[in-house]
Amino acid sequence: MFNGVADGPVGVALDILGAATRIVHAGLVELPKSRLPTRTRIVSIDGAPVRTAANRTLTVDGALELRGLGSGDVLVLPGLGMPTAPEIAAALERPDIARATELVARAAAKGVRVAASCSATFVLATAGVLDGLEATTTWWLGPTFAQRFPRVTLRTDQMVVTSGRVLTAGSAFAHADLMLALLAQTLSPSLAHRVAQYLVLDERASQARYMVMEHLRSADPVIRALERFIGSNLERQLTVPQMARATATSPRTLARKLEKALGTTPLRFAQRLRIAQAVHLLETTRRSVDEIAAQVGYADAAAFRRIFRRETGEAPHARRARSADARKL
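Residues numbered from 1 in each chain as written. Predicted model: local features only at pLDDT ≥ 70, side-chain atom pairs only at ≥ 80, totals over all residues. Heavy atoms only, no water.

**Examining the overall build of the chain**
And then number 1: The helix and strand inventory of the chain stands at 14 helices and 10 strands.
And then number 2: The globule rule puts the C-alpha radius of gyration for 329 residues at 20 Å, and the 22 Å found for the chain is close to it.
And then number 3: Taking all 329 residues of the chain together, the buried fraction comes to 48%.
And then number 4: Excluding contacts between residues fewer than 6 apart, the proportion of contacts in the chain whose partners are at least 24 apart in sequence is 64%.
And then number 5: Carbon together with sulfur atoms contributes 53% to the accessible area of the chain, which is approximately 16,100 Å² in total.
And then number 6: Of the side-chain charges in the chain, 43 are positive and 29 negative, and the distance between the mean point of each set is 3 Å. (Helix = DSSP H or I, 4+ residues; strand = E, 2+ residues; numbered from the N terminus. Rg over C-alpha atoms; globule rule 2.2 N^0.38 Å. Buried < 20%, exposed > 50% of the residue type's maximum accessible area, 1.4 Å probe, protein only. Contact = heavy atoms within 4.5 Å. Areas by Shrake-Rupley, 256 points an atom, 1.4 Å probe, with all protein chains shown as cover. Lys, Arg positive; Asp, Glu negative; His and termini not counted. Charge placed at Lys NZ, Arg CZ, Asp CG, Glu CD.)

**Points about the packing of helix α1 (residues 7-25) against helix α6 (residues 174-186)**
When two helices pack together, their arrangement is given by the angle between their axes and by how far apart the axes lie.
And then number 1: Here α1 crosses α6 at 30°, and the two axes come no closer than 9 Å. Between α1 and α6, the angle is such that the two are roughly parallel. Relative to α6, the crossing made by α1 is right-handed. Touching Pro9, Val12, Ala13, Ile16, Leu17 and Ala20 of α1 are His175, Ala176, Met179, Leu180 and Leu183, all from α6.
And then number 2: Classifying every residue of the contact of α1 with α6 gives 10 nonpolar, 1 polar and no charged. (Axes fitted to C-alpha atoms, helices over the stretch in contact; angles between N-to-C directions. Parallel < 35°, antiparallel > 145°, perpendicular 65-115°, else oblique. Left-handed = near helix turned anticlockwise from the far one by under 90°. Nonpolar A, V, L, I, M, F, W, Y, C, P; charged D, E, K, R; others polar.)

**Some thoughts on the sheet that holds strand β9 (residues 160-163)**
And then number 1: Within the open sheet, the 4 strands sit side by side as β5-β6-β10-β9. Their pairing is mixed. Of all the strands in the sheet, just β5 (74-77) and β9 have a single pairing partner and so form its edges. Averaged over neighbouring strand pairs, the angle between their axes works out to 10° when direction is ignored.
And then number 2: Taken together, the 4 bridges between strand β6 (residues 113-117) and strand β10 (residues 166-169) define a ladder with parallel strand orientation. Among the inter-strand pairings, Ala115 is bridged to a residue of β10, identified as Leu167.
And then number 3: On top of the sheet, α6 reaches β5, β6, β9 and β10; it is set at about 160° to β6, its chief contact. (Pairing = 2+ DSSP bridges.)

**Things to note about a nonpolar patch on the surface**
And then number 1: Together, Leu28, Tyr198 and Leu199 give the surface a local cluster of nonpolar side chains, amounting to about 270 Å² of exposed area.
And then number 2: Locating Leu28 in the fold gives a position in the loop between α1 and β1 (43-44).
And then number 3: The exposure class assigned to Leu28 is partly exposed, which follows from its relative accessible area of 39%. (Patch = residues over 30% accessible without salt bridge, like charges linked within 9 Å, V, L, I, M, F, W, Y side chains within 5 Å. Salt bridge = Lys/Arg side-chain N within 4 Å of Asp/Glu carboxyl O.)

**Looking at the layout of surface pockets**
And then number 1: Here the largest pocket defines a volume of roughly 1,200 Å³.
And then number 2: Around the largest pocket sit 43 residues that line it, and Arg39, Thr40, Arg41, Val74 and Leu75 are the ones nearest its centre.
And then number 3: The set of elements that each furnish at least two residues to the lining of the largest pocket consists of α1, β1, β5, α3 (95-109) and α6. (1 Å grid on protein atoms, 1.4 Å probe; cavity = no way out; pocket = protein on both sides within 12 Å on 5 of 7 lines; lining within 4 Å. Points joined across faces, edges and corners; volume = space filled by probe spheres on them.)

**With respect to unusual backbone geometry**
Most of the time, phi is negative for any residue but glycine, and the peptide bond is trans.
And then number 1: The residue Cys118 is not glycine, and still its phi comes out positive at about 50°.
And then number 2: At Ala248, a position not held by glycine, the phi torsion is positive, near 55°.
And then number 3: Tracing the sequence through the fold places Ala248 in the loop between α9 (240-246) and α10 (251-262).
And then number 4: Looking at Ala248, the relative accessible area reads 73%, which means it is exposed.

**A closer look at the nonpolar core**
Proteins that are soluble and globular tend to have nonpolar side chains buried together.
And then number 1: Leu75, Leu77, Leu80, Leu124, Val129, Leu130 and Phe145 are the most contacted members of the largest nonpolar core, which has 35 residues in total.
And then number 2: For this core, the secondary-structure elements that each account for two or more residues are β5, α2 (85-91), α3, β6, α4 (121-126) and α5 (142-148).
And then number 3: Of the residues forming this core, the biggest block, 5 residues, is contributed by α3.
And then number 4: Beyond its immediate sequence surroundings of up to four residues, Leu75 is in contact with Leu64, Val104, Ala107, Val112, Arg113, Val114 and Ala115.
And then number 5: In terms of nonpolar packing, the next biggest core, distinct from the first, is built from 27 residues, Ala13, Ile16, Val24 and Leu178 among them. (Core = buried A, V, L, I, M, F, W, Y, C linked by side-chain atoms within 4.5 Å.)

**A short note on the packing of aromatic side chains**
And then number 1: Tallied over the entire structure, the rule returns 5 aromatic pairs.
And then number 2: Each residue in the set Phe122, Phe145 and Phe149 is aromatic and connected to the rest through ring pairs, giving one cluster. (Phe/Tyr/Trp six-rings, centres within 6.5 Å; stacked < 30°, edge-to-face > 60°.)

**Focus: the environment of Leu28**
And then number 1: The sequence separation of Leu28 and Asp177 amounts to 149 residues, and the corresponding C-alpha distance is 21 Å.
And then number 2: Dropping the residues within four chain positions of it, Leu28 is found in contact with Ile23, Arg194 and Tyr198.

**Looking at the packing of helix α8 (residues 221-231) against α10**
And then number 1: The geometry of α8 relative to α10 is characterised by a closest axis approach of 10 Å and an angle of 100° between their N-to-C directions. Between α8 and α10, the crossing angle belongs to the class labelled roughly perpendicular. Facing Val222, Ile223 and Leu226 of α8, the residues of α10 in contact are Leu254, Lys257, Leu258, Ala261 and Leu262.
And then number 2: Residues of the contact of α8 with α10, tallied by class, amount to 7 nonpolar, no polar and 1 charged.

**Considering the pairing of β6**
And then number 1: The element β6 is largely enclosed, with a buried count of 5 among its 5 residues.
And then number 2: A two-sided burial pattern is seen for β6, the buried positions comprising Arg113, Ala115 and Ser117 on one face and Val114 and Ala116 on the other.
And then number 3: In terms of strand pairing, β5 meets β6 through 4 bridges, oriented parallel. Bridge assignment links Leu75 to a residue of β6, and that residue is Val114.

Structure below.
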């Protein structure tokens, strides 16, 4: 843990590991004989207590040392508790995080499995352990991550991404998904499933339903031009060649830029913009779902409902009702 660490992910990780230990000891899940119950140590760079984002002091079990660590061990970094790009940039210059970056690179070279969630994924990327691999990060920092680490293939729609022996997860409480994934990979999928049941943790494979398009705007002028073009033609079904012409690029170049900046395709990007507009209309007008579907380019209202649920995690009527309830509070 680092000074400023987000409080929630630390507690979530300990709850999940504690539940796993109790479940194994109770005989509810039998581990393979070659896999012992996990042993957990909380460490800081220098062994000193850590001040959290909520300004609480957390004691640790010692300093991070690589001696004795190997392929059977996992090094996990919870989020830095820094939600903005300038804060993260400043944090990466701190001596303790710079030292951690060096240790993460050495640990990975020794075969240690490394994992991080939220803004701590920037530490893994800075260490170079994500170069040439796929990764995710907290969704609103996706453009910043993509620009800073062009050698990493970003999948911001995914909650957890596994690339070899490196795991990354999305925003703060995706740390729960990260810990369950680690349990499944290192001990037992059955154990991970049972822990999720006991702690009432829902399976969440994607961050897409939580994304707000305004946070995904890219600094790339081509992508900004594409967003304006799609926004002016929401009622039309656009093809990739049409989008490329509107942005003065080739279809291949446009696809490459979107993949690098946002981890998505031109058609999926257009779809998200249409769904974002649909959410706005559901929350601010009394138009029917069928009318809104047609206004954002879906002639088939049933198809619109399916896509809306996939992208947001709820039905259009449920989204409208939830918005109305929120306005009453």
